[in-house]
Amino acid sequence: MAQRPRQTRLQFQSEFRPTSIDTMAADAMRQLAGLGRQMRQTTEEIGRPIVEQEMAEMGAKAAETAGTIDPETGALVAPPEFKKFGWGSQQFNAAVRKGYEDNLSTSVDTIIADAEAQHSDDLVGYENAIKGSLDGLRASVPDAYKGSVENMITRVGGRAARNVAERERVKILEQSANNVITEADRLEKEILQASRDGEDTAELYGQYVVSLTNLADQGGVDAAKAQARIDGLADNMVVEGVIGEFNRAITAEGDSKSQAFNARAIVEKLRDKPDKRLTPAQNDTLLNKLDVQVSALESANATAAAKLTSDEMIELSNLDIEIDNAVLTPKELSDKVYDLFDRGVIKTADGISSRINKINKGLRDGVRKNTGIAAVANQVAGQELPEDQRNRVLNQQDVDNYYEVASPQLSDNDDIRSAQQTGIVVRTGYVPTELRTEIRNGLVSQDPAQVEYAVETIQRIQEVPGIGESAFSDSEVAFASQVASLAEYLPMDQAIQEARNITATGRPQQKAMVEARTAQIKDEKDVFANAYQDELADNFTAWQFRSESDFKEQGAFAQMSKDYGRLVEQFYKAGMVDIESAKARAMGLIKANWSEGEFGLMKYSPERFGAYALPGTGDTSYIRTQVQEDLAAGGLEVAAENIFLEADAETARTASTGKPSYRVLVRTEDGTMMTVDLINPDGSTSSRFVPDPEQGRLDQEANIKAAAEAGLTPYGKPTGKSYTTLTEEQQDRLRKALGGSNSPFALIGKGVESAKNAPSKVTPKNVRLVLEQTGVPFVAGQLKDAFRFIKESVKQASDDYVASLSKGKSK
């Protein structure tokens, strides 16, 4: 094999030799690398602190709730995870640790503070309270923080435990001190009593000294105070021993008077020659105690000497009661006073004079009171005062005294009682204080009957000139007025509730609503005041089958409109949902209380009261005859058709009884209406009329009998179409009047349409015109039959005329 030529190792010199190779690119790269290193260094110098600050803030934010107790779960909130790499990780971790440990420290503080607050002086209770909470906290803390937690618990818990233990020691000491002091107080009393009784006190005194000394050693009581108390007891033991000797000496013999005498002598002797066994201070104490004791004994003897027997005390007490109430005459009372003095029951001159003065004063007061009561009684009864009292001026006290006597004698019937009370006010010019209280109690009562009584009495007293305006407060008058108004149409309990809604001042919302609706009523007249009459006409003309103009011409229409408007506004202000509801309710009440009857359209018409309508016929025409007869008895002759009844406030008040009273109106020759008074059977006058249905029944029976004899059916109750209460002459005159050319029902030449409408013209006004044309007077019981006769006659004539015209056309 051929051998390869041997190669020799090249040798290099360790030196740099320039060559002709181009190094510009390499140099540029080296320059760029240097610039990169410089840029990285600059970026780190500027950006790293910023990042580290941000990471520290992020760590603090992340640890905000770490180490706290979750309020919902009760668990300890864990710390965030540490960051292992990157800029700011060290700062983030440090902030997390600090935030977690801070919150953990707060949790530990809270647990310990709560336990300390609950068991401030009970070490066992405190330790039991924190044990479970702290053990749970220890278990929840990551291992990295357990050492810190233990340091916190040791630092805070140790201080709290020491405080609790100290307070517990003080408490125990205080309890011990209280027990020792209580026992010392008991021992003091026992030792002093034993000293006074002359018994041996060495053992008890030794217990007393030992217990107080030990307490002072423990700090439960000031040592100086304890020693002062021990020394004071020793002094008192000596004094009490001498007092015991003193008591045994003076009680050895004699009665209480001689014992008191001997005791006083010993005290004075000791005052002159003090007991040598005692110090000056002890002698002073002894004399003070003995002086008080002897004085008490002397006072007891004096009291016993002056003390009455139980029978004497009862006798003297009865005398004083008799004097206060003037049970006996003044002479009898005075004799009893002097008799008791002579017997030693009254022991002093002052005991006599004070009682005699009271008897004389009672006599004077009684005379004045009785004179005033008699004067008021005479004035209320309308009797003349005795001559020596005619110049007497009554005062409030006189009326109050009279009412106190008269009140139990007034009627139990609320309506009669109210009238009697008003009579007292009218005749005296004063409202008795007790009456005013009765009324005010009635207003706030939950009993509708009592409220009604109070309201009616206020209404009556309000009508008394010069008194009613100031007798009651504005709020009382307003409430009473609302109740009285609403009670004319509503049951009393509903009227009271509505009135309270309107006048309530204690509820801001109610008051605001009433004020707002009051303003609305005032502003919107087209909806309220200006609409009332038309609304009534729309409802009542359809109901009564008459024209609106005829309806509005009636005098009662104005009063009905006033009632309707008042009800609408009261209901609206009381809180009804809207004005339509208020008007519907008001209209329903108007229809229920206003009606057409014997005396035309009126409220509380007699026909509505069963007590006034005659049985069988329901007739009330007898009332007009009774009024006519009562007026004639007083010398006033009035045609029956000119007599009317008027319902007023008194009618409303008495309507609830089922037998209301009315005012009487008569129409004069010039057409005006005037009120008149009636003559009562006893000769007195009255402005009120109450129908007598029993007399009306008797008159009805007499008429039935008379009509039967004449073959007629009386009191406006025709058989078929026969108007049997009208005589043949009256019927003939009516036919002639209807057939006359001046009759409003003349049909000839009127045309078919007029003939058809003629029956609708039969109104009370036109009927009166027909009756006047006959020249024949119609009595009250015949007016209804005349109306029916005319209406049937016109209808028949209309039907006949229309039929005849139709018959002519058919031919």
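Up top is the structure.
Thresholds, definitions, all that
Residues numbered from 1 in each chain as written. Predicted model: local features only at pLDDT ≥ 70, side-chain atom pairs only at ≥ 80, totals over all residues. Heavy atoms only, no water. Helix = DSSP H or I, 4+ residues; strand = E, 2+ residues; numbered from the N terminus. Buried < 20%, exposed > 50% of the residue type's maximum accessible area, 1.4 Å probe, protein only. Contact = heavy atoms within 4.5 Å. Core = buried A, V, L, I, M, F, W, Y, C linked by side-chain atoms within 4.5 Å. Salt bridge = Lys/Arg side-chain N within 4 Å of Asp/Glu carboxyl O. Phe/Tyr/Trp six-rings, centres within 6.5 Å; stacked < 30°, edge-to-face > 60°. Lys NZ or Arg CZ within 6 Å of the ring centre and 35° of its normal. Axes fitted to C-alpha atoms, helices over the stretch in contact; angles between N-to-C directions. Parallel < 35°, antiparallel > 145°, perpendicular 65-115°, else oblique. Nonpolar A, V, L, I, M, F, W, Y, C, P; charged D, E, K, R; others polar.

Draft legend 1. Quick look at the overall build of the protein. The number of helices and strands found in the protein is 30 helices and seven strands. Across the 811 residues in the protein, those meeting the buried criterion constitute 36%. Taking the intrachain contacts of the protein between residues at least 6 apart in sequence as the baseline, contacts between residues at least 24 apart amount to 60%.

Draft legend 2. Representation of the nonpolar core within the structure. Ranked by internal contacts, the top residues of the largest apolar core, which has 57 residues, are Phe 571 and Ile 590. Broken down by element, the residue count for this core peaks at eight residues, all from helix H22 (residues 556–574).

Draft legend 3. View of the pattern of salt bridges. Applying the stated criterion to the full structure yields 29 salt bridges. We note a salt bridge from Arg 343 to Glu 315, for which the minimum N-O separation is 2.7 Å. Placement of the pair is Arg 343 in the loop between helix H10 (330–342) and helix H11 (349–381) and Glu 315 in helix H9 (residues 310–325), with a sequence separation of 28 residues. Take Arg 343: its relative accessible area is 42%, and that puts it in the partly exposed class. You can call Glu 315 partly exposed: its relative accessible area is 28%. Salt bridges linked by common partners bring Arg 264, Glu 268, Arg 271 and Asp 291 together as one network.

Draft legend 4. Looking closely at unusual backbone geometry. The residue Tyr 604 is not glycine, and still its phi comes out positive at about 55°. Its location among the elements puts Tyr 604 in the loop between strand S2 (600–603) and helix H24 (622–633). You can call Tyr 604 buried: its relative accessible area is 5%.

Draft legend 5. Examining the packing of aromatic side chains more closely. Counting across every chain of the model gives two aromatic pairs. Each ring, one from Phe 528 and one from Tyr 572, has its centre 5.8 Å from the other, and the planes form 45°; the classification is tilted. You can see Phe 528 sitting in the loop between helix H19 (508–523) and helix H20 (532–544) and its partner Tyr 572 sitting in helix H22, a full 44 residues away along the chain. The two residues Phe 528 and Tyr 572 agree in class, both being buried. Lying over the aromatic face of Tyr 572, Arg 517 brings its terminal NZ or CZ to 4.1 Å of the ring centre.

Draft legend 6. Structural context of the packing of helix H12 (residues 396–406) against helix H14 (residues 433–443). Two numbers describe how H12 lies on H14: the axes approach to 7 Å, and their chain directions differ by 65°. Taken together, the axes of H12 and H14 lie roughly perpendicular to each other. Contact with H12, carried on its side by Gln 396, Asp 400, Tyr 403 and Glu 404, involves Thr 433, Glu 434, Leu 435 and Glu 438 of H14 and no other residues of that element. Here the contact of H12 with H14 is composed, by residue class, of two nonpolar, two polar and four charged.

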